[in-house]
Amino acid sequence: MAAPRALAAAAPAPGKAKLTHPGKAILAGDCVRQTVRSHGVLGLYRGLSSLLYGSIPKAAVRFGMFEFLSNHMRDAQGRLDSTRGLLCGLGAGVAEAVVVVCPMETVKVKFIHDQTSPNPKYKGFFHGVREIVREQGLKGTYQGLTATVLKQGSNQAIRFFVMTSLRNWYRGDNPNKPMNPLITGVFGAIAGAASVFGNTPLDVIKTRMQGLEAHKYRNTWDCGMQILRNEGLKAFYKGTVPRLGRVCADVAIVFIIYDEVVKLLNKVWPTD
């Protein structure tokens, strides 16, 4: 079984694990303990295939678009300043939102809600996609497009702005100064943290717009206003702490791999 059962796995089976904080949100530690107790260590990797379906093309579109834009915006010395880095990141985020993220996130959120419902109807990733398209058409996989574009665009704009600024600071007057992967990882983690604090509210709105109860909202603005009116400002920062840990590690690893792959490709296919 693919993706969203990974979240359903956190729920304790009858007679097994009990919540450490009944009636409250499950903390990350509770989730890990219950998942390992019920499904073993491999239970932490349930849904990996579905994650790969989205992560690989998303990274390809993001960094491909960033390289395309940045190659046209560098100065005569090959340097990319922070402002142009932000614009390139914005373009990369919008591209990945339209091409990959919106349909994948819509499907993922629908799967999660389906698997936590009393009578799940999706039997697997491809079955779920077929059912969504059959019932709602292709537009059923593009719910919350505006919120996704805003979220991904601002996300990558922040990350690439911070990463470009830190790289320029580290390299000083030498744009070709090599960077140790450890330094790249630290800079990536900082960029990831900045993006979490900068756009978690948009992520909350995007998730609501793509859920099974998306019909409650007329549009992205209405969704945001309803959350503010009914749940208060704190609701826009739900899940910030667990997301912070995941995103910092994610962005650090992705930037390290990206930089090392670029170094390898430049050796195999030199462009100068």
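Cut-offs and rules
Residues numbered from 1 in each chain as written. Predicted model: local features only at pLDDT ≥ 70, side-chain atom pairs only at ≥ 80, totals over all residues. Heavy atoms only, no water. Axes fitted to C-alpha atoms, helices over the stretch in contact; angles between N-to-C directions. Helix = DSSP H or I, 4+ residues; strand = E, 2+ residues; numbered from the N terminus. Parallel < 35°, antiparallel > 145°, perpendicular 65-115°, else oblique. Left-handed = near helix turned anticlockwise from the far one by under 90°. Nonpolar A, V, L, I, M, F, W, Y, C, P; charged D, E, K, R; others polar. Core = buried A, V, L, I, M, F, W, Y, C linked by side-chain atoms within 4.5 Å. Buried < 20%, exposed > 50% of the residue type's maximum accessible area, 1.4 Å probe, protein only. Domains from an automatic or database assignment. Contact = heavy atoms within 4.5 Å. pLDDT = per-residue confidence, 0-100.

Enquirer: Run through the packing of helix α6 (residues 145-171) against helix α7 (residues 181-210), naming residues and quoting values.
Expert: Contact pair α6 / α7: the axes reach a minimum separation of 8 Å and the direction vectors enclose 165°. In terms of their interaxial angle, α6 and α7 are classed as roughly antiparallel. For the element pair α6 and α7, the recorded crossing hand is right-handed. The residue inventory of the contact of α6 with α7, partitioned by class, reads 15 nonpolar, 10 polar and five charged.

Enquirer: How would you explain the nonpolar core if you had to name every residue and give the values?
Expert: Counting 17 residues, the largest nonpolar core has F63, F66, F160, F187, F255 and Y258 as its most contacted members. Within the residue set of this core, elements represented by two or more residues are α3 (48-71), α4 (82-115), α6, α7 and α9 (240-268). Counting contributing residues per domain, this core is built from domain 1 (35-143) and domain 2 (178-264), each supplying no fewer than three. Leaving out residues up to four positions away in the same chain, F66 has contacts with L80, G85, C88, G89, A92, F160 and Y258.

Enquirer: Go over the confidence of the model for the protein chain, please, and point to the residues and values.
Expert: Of all residues in the protein chain, 88% have pLDDT values of 70 or greater, and the mean over the chain is 81. Looking over the protein chain, one finds the lowest element-wise mean pLDDT in helix α1 (residues 5-8), namely 42, and the highest in α6, namely 92. For residues 1-25, every residue scores under 50 in pLDDT, and the model assigns this stretch 40 contacts once sequence neighbours within four places are set aside.

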